[in-house]
Amino acid sequence: MLSRSVSLLQQLAKTNDSRRYLSLKQLNPIINRNLAWFSGQSTKKTFGERLKRRLKNFLIVTVIGFGTYYGVSWGAVPLLKHIDTEKYEVVCVSPRNYFLMTPLLPPVSVGTVETRTVIESIRSLIGPRVKYVEAHCVSVDPKAKVISCNTDGEQPVSRGDDVKTILIPSRRAGGSSSRIIKDSARVRPSFDMKYDILVVSVGSENNTFNTPGLEEHAHFLKEVLDARHIRSAISDAFESAMTPTQTPAERKRLLHFVVVGGGPTGVEFAAELAILVREDLQIYFPRLVANDVKIALIEALDHILSMMDKQISDYTERHFHRENIDVLMNTFVKEVKQHEVVVQLKGSDELKSIPCSVVVWATGIKPRALTNKLREIIGFDIQSNRMGLTYRSIFTLLFEEADAERRGTLDLQQFRALVERKITEFPQLEIISKSIEKAFEEADKDKSGTLTLAELHSALGKADTKIRALPATAQVASQEGSFVADLLNQLKDTQSNNYEQQNLKSFRYKHMGSLAYVGGDEAVVDFTGSKPILDMFNLKPLSGRSAAYLWKSFYLTEMFTGRTKTLLAFDWVRTQFFGRDISRY
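Everything quoted here is computed from the prediction, not taken from an experiment.

Draft legend 1. Summary view of the overall build of the protein chain. When helices and strands are counted, the protein chain shows 22 helices and 20 strands. For the protein chain, the share of sequence-separated contacts (at least 6 apart) that also reach a separation of at least 24 residues comes to 69%. About 32200 Å² of surface is accessible on the protein chain, with carbon and sulfur atoms providing 54% of the total.

Laid out in structure tokens, this is it:
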């Protein structure tokens, strides 16, 4: 492994392309630093400094690791693992029979981690105490409390091997495993299922923002099949570029990879792709890597990783510059074509074309079709807010409850009592509770000193429109899933909506920090918002190898089972010793 790394650095130093690689004199400190890293020695740090740093790293990894160990999945799995199955008969309906560790899809797409490492059977996660049905829920009837599930040929169940559909069926007499076989094993007749309590945890899907050509010509990074398609496309691009008759311009287009989205997913994929090129493809395609390979990261905002501390954003941008990743900020994608991406700079009317072969769309999510259909069934006049459940349909009941004297109006004291009494049941009222007098005065349009039913609608409606959605991350979903399970376990009367009487607390999100891998055995960690951790250890944003240790420790502890933990550890070791598999399959 040591000789391999030195050989790669020497090859980089010998390249004639001075615009993309450093000179031998500039590479000397990098070589020395990597030699010290592999040999476990340091040319600058004393023994005491090294010991102090390692103890600090161990403390951080241990605390964060144990703090997140039990949050091993997103929304549905924590719910299924923690719900009291002696109190409830639990049925899980899902179109795929495995759970996916989506944050590790970027390394899967380049071969650092294998696909079987990031998936785990739902049945092995929840055990026999929960009944699982592989089906696709297509409709919900809240009044009748019935869900309708898939029919054959409509919304097919994910089989996991659909990648074969992109291959031409073999016509060889002896047969081939790559053929598309139309057997009768997958039969999904439609059915209805009644329920008492329904938990919808279907996640989200990619948002294309109606960008022309995106669905046809860009890769998403949301499912296992997406990662496999990207891995095949990268191999296709390099093998196509090796065709003797390719023109120089076509080679450059084939080896230009565009990543759209400067969030954690886009940043991590760009970093993984750069490592694949530098550590593995450089060995087999040295001339192509030296002269033609280019990676571009497009971000609409003025910084990548904008949700993190600005120091993190600045560090990542500098690191990407060293990794030869072009970061195009304040740039909007206007159209995706088969051979190019059309972009527009912020503040400019000029459209620019970027020739490329592979486009990975890693920005934007939206609700799935079932979520939108549920909103439609409930009624947009009732469920008007896309960020959370509204309570406009019970405004009249709240008004009648507060108007004990049946005067048809509420004074300030009644309004205050209503807000304070219902804030546990409706957390949105916390916005009004901070300035009750101001909210009352703004709603009292006729300045009568009282609120009518219509004016109460206005006051509470403003609170509803100010709902701020929590970030759509695995960390949030995991806490929400555990919260719903605990809430259901505490319910004494499942038919009652009086949560205050049952002494149930509302959900409170606890942020534990954000992580992103930026390549080169380096990562970034932002503890902004995780106040308990900051107060306890006085931790600041981390970057570099220390953050990479924490990143790997975090995801190792977050893996669902001992099997996937072991597979992930072995994948990392395999990659370090033997490199990545660059074959297409």
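Draft legend 2. Local environment of the packing of aromatic side chains. Per the stated rule, a full pass over the model turns up 11 aromatic pairs. Pairing Trp74 with Phe99 gives two aromatic rings, centres 5.3 Å apart and planes at 70°, and the pair type is edge-to-face. Placement of the pair is Trp74 in the loop between helix H3 (47-67) and helix H4 (76-82) and Phe99 in strand S2 (residues 98-100), with a sequence separation of 25 residues. Pair check on accessibility: Trp74 and Phe99 agree, each one buried.

Draft legend 3. Spatial organisation of the environment of Leu351. Along the chain, the position of Leu351 falls in strand S15 (residues 351-355). The spatial distance from the C-alpha of Leu351 to the C-alpha of Val333 is 9.5 Å, given a sequence separation of 18 residues. Excluding its chain neighbours within four sequence positions, the residues that come into contact with Leu351 are Lys334, Val342, Val343 and Gln344.

Draft legend 4. Local environment of the pairing of strand S12 (residues 325-328). Note that strand S11 (residues 294-298) and S12 share four bridges and pair parallel. Paired with Ile298 across the two strands is Leu328, which belongs to S12. In this view, the connection linking S11 to its parallel neighbour S12 by way of helix H12 (residues 310-322) has right-handed handedness.

Draft legend 5. Spatial organisation of the nonpolar core. Core analysis: the largest hydrophobic core is formed by 86 residues, its most contacted members being Phe238 and Phe320. Ranked by the residues each element gives to this core, the list is headed by helix H10 (residues 264-284), at 10 residues. Excluding residues within four positions of it along the chain, Phe238 makes contact with Leu255, Phe257, Val277, Leu281, Phe285, Leu288, Val289 and Val293. Counting residues in hydrophobic clusters, the runner-up holds 17 residues, among them Ala402, Phe415, Ala439 and Leu460.

Draft legend 6. Geometry of the environment of Met101. Tracing the backbone through its elements, the reader meets Met101 in the loop between S2 and helix H5 (105-108). According to the relative accessible area criterion, Met101 is buried, its value standing at 0%.

Draft legend 7. Spatial organisation of the environment of Lys422. Within the secondary structure, Lys422 sits in helix H15 (residues 412-422). Distance in space between the C-alpha atoms of Lys422 and Leu398 is 9.0 Å, their sequence separation being 24 residues.

Draft legend 8. The arrangement of the sheet that holds strand S13 (residues 331-336) in detail. What the three strands build is an open sheet, ordered S13-S14-S15; its pairing is antiparallel. Edge positions in the sheet fall to S13 and S15, since each of these pairs with one other strand and no more. Strand after strand, the sheet turns through a mean of 35° between neighbouring axes, direction not considered. Of the pairings in the sheet, the one linking strand S14 (residues 340-345) to S15 comprises five bridges and is antiparallel in character.

Draft legend 9. Broad picture of empty space enclosed by the protein. Under the defined criterion, the tally for this structure stands at four cavities of 30 Å³ or more. The computed volume of the largest cavity comes to approximately 120 Å³. Every residue lining the largest cavity is counted, 14 residues in all, and those nearest its centre are Arg231, Ile234, Ser235, Leu276 and Ile582. The set of elements that each furnish at least two residues to the lining of the largest cavity consists of helix H8 (224-241) and H10. It is H8 that provides the largest number of residues to the lining of the largest cavity, a total of five residues.

Draft legend 10. Quick look at the side chain of His303. Turning to its location among the elements, His303 is positioned in the loop between S11 and H12. Reaching out from His303, the side chain makes a polar contact with the side chain of Glu317 at a distance of 3.0 Å. Not counting residues up to four positions away in its chain, the partners in contact with His303 are Lys310, Ser313, Asp314, Glu317 and Met329.

Draft legend 11. Up close: H12. Across its 13 residues, H12 extends 19 Å between first and last C-alpha, which sits within 8% of the 18 Å expected from 1.5 Å per residue. For H12, the complete set of buried residues consists of Ile312, Ser313, Tyr315, Thr316, Glu317, His319 and Phe320. Packed against the buried residues of H12 are H10, S11, S12, strand S18 (514-519), strand S19 (522-526) and strand S20 (542-544). Measuring from the backbone nitrogen of Gln311 back to the side-chain oxygen at the start of H12 gives 2.8 Å, which picks out Asp309 as the cap. Positioned one or two residues after H12, Asn324 has a phi angle of 60°, which is positive.

Draft legend 12. Up close: the pairing of strand S6 (residues 146-149). In the sheet, strand S5 (residues 137-141) pairs with S6 via four bridges, with the strands oriented antiparallel. In the sheet register, Asp141 faces S6, and the bridge partner there is Val146. The turn joining S5 and S6, which pair antiparallel and follow one another in sequence, is formed by four residues; a positive phi near 55° is taken by Lys145. Relative to strand S7 (residues 191-194), S6 is paired through four bridges, and the arrangement is antiparallel. Pairing of Ile147 across the sheet is with Met193, part of S7.

Draft legend 13. Layout of the packing of H8 against H10. The geometry of H8 relative to H10 is characterised by a closest axis approach of 13 Å and an angle of 45° between their N-to-C directions. In this view, H8 runs oblique relative to H10, as classed from their interaxial angle. As for how H8 packs across H10, the hand of that crossing is right-handed. Within the contact between the two elements, H8 uses Ile230, Ile234 and Phe238 and H10 uses Phe269, Leu273, Leu276, Val277 and Leu281. Tallied by class, the residues present in the contact of H8 with H10 amount to eight nonpolar, no polar and no charged.

Draft legend 14. View of unusual backbone geometry. Located in the positive-phi region is Lys145, a residue other than glycine, with phi close to 55°. Assignment of secondary structure puts Lys145 in the loop between S5 and S6.

Rules used throughout
- Counting restarts for each chain: residues are numbered from 1 in the order of the written sequence.
- In keeping with the predicted nature of the model, local features appear solely for residues at pLDDT of at least 70, side-chain atom pairs appear and are counted solely at 80 or more, and the whole-chain, interface and lining totals rest on all residues.
- Side-chain figures throughout are based on the complete set of non-hydrogen atoms in the structure, without hydrogens or water.
- Helix and strand labels come from DSSP, where a helix needs a run of H or I of at least four residues and a strand needs a run of E of at least two; each type is numbered from the N terminus.
- Contacts are assigned to residue pairs with any non-hydrogen atoms lying within 4.5 Å of each other.
- Computed with a 1.4 Å probe, the accessible areas rest on the Shrake-Rupley method; for each residue, only the protein chains presented here act as cover.
- In summary, the pairing rule links any two rings of Phe, Tyr or Trp, Trp by its six-membered ring, whose centres are within 6.5 Å, and it sorts them by plane angle into stacked for under 30 degrees, edge-to-face for over 60 and tilted for everything else.
- Burial classes: relative accessible area under 20% of the type maximum marks a residue as buried, over 50% as exposed, and values in between as partly exposed (1.4 Å probe, protein chains only).
- One bridge is not enough; two strands pair if DSSP finds at least two bridges between them.
- Whether a crossover is right-handed comes down to one check: with the strands pointing away from the viewer, does the path from the first strand over the helix to the second run clockwise; if it does, it is right-handed.
- Residues grouped as a nonpolar core are buried Ala, Val, Leu, Ile, Met, Phe, Trp, Tyr and Cys residues, joined through side-chain atoms within 4.5 Å.
- Angles shown run from 0 to 180 degrees and are taken between the N-to-C directions of axes, each axis being a line fitted to C-alpha atoms and, for helices, limited to the stretch in contact.
- Method remark: on a 1 Å grid restricted to protein atoms, a set of points is classed as a cavity if a 1.4 Å probe fits but cannot get out and as a pocket if it is open with protein on both sides within 12 Å along at least five of seven lines; lining residues have an atom within 4 Å of a point.
- Grid points are joined across faces, edges and corners, and a volume is the space filled by probe spheres set on the points.
- For the purposes of these results, a polar contact is taken to be a pair of N or O atoms within 3.5 Å, where, inside protein, one atom must be able to donate a hydrogen and its partner to accept one; residues adjacent in sequence count only when each atom of the pair is a side-chain atom.
- Under the convention used throughout, the expected extent of a helix is 1.5 Å for every residue step, that is, one less than its residue count.
- By definition in this entry, angles of less than 35 degrees are roughly parallel, angles greater than 145 are roughly antiparallel, angles of 65 to 115 are roughly perpendicular, and the rest are oblique.
- Take the far helix as your reference; a near helix turned counterclockwise from it by less than a right angle gives a left-handed crossing, and one turned clockwise gives a right-handed crossing.
- Each residue gets one of three labels, nonpolar for Ala, Val, Leu, Ile, Met, Phe, Trp, Tyr, Cys and Pro, charged for Asp, Glu, Lys and Arg, and polar for the others, Gly among them.

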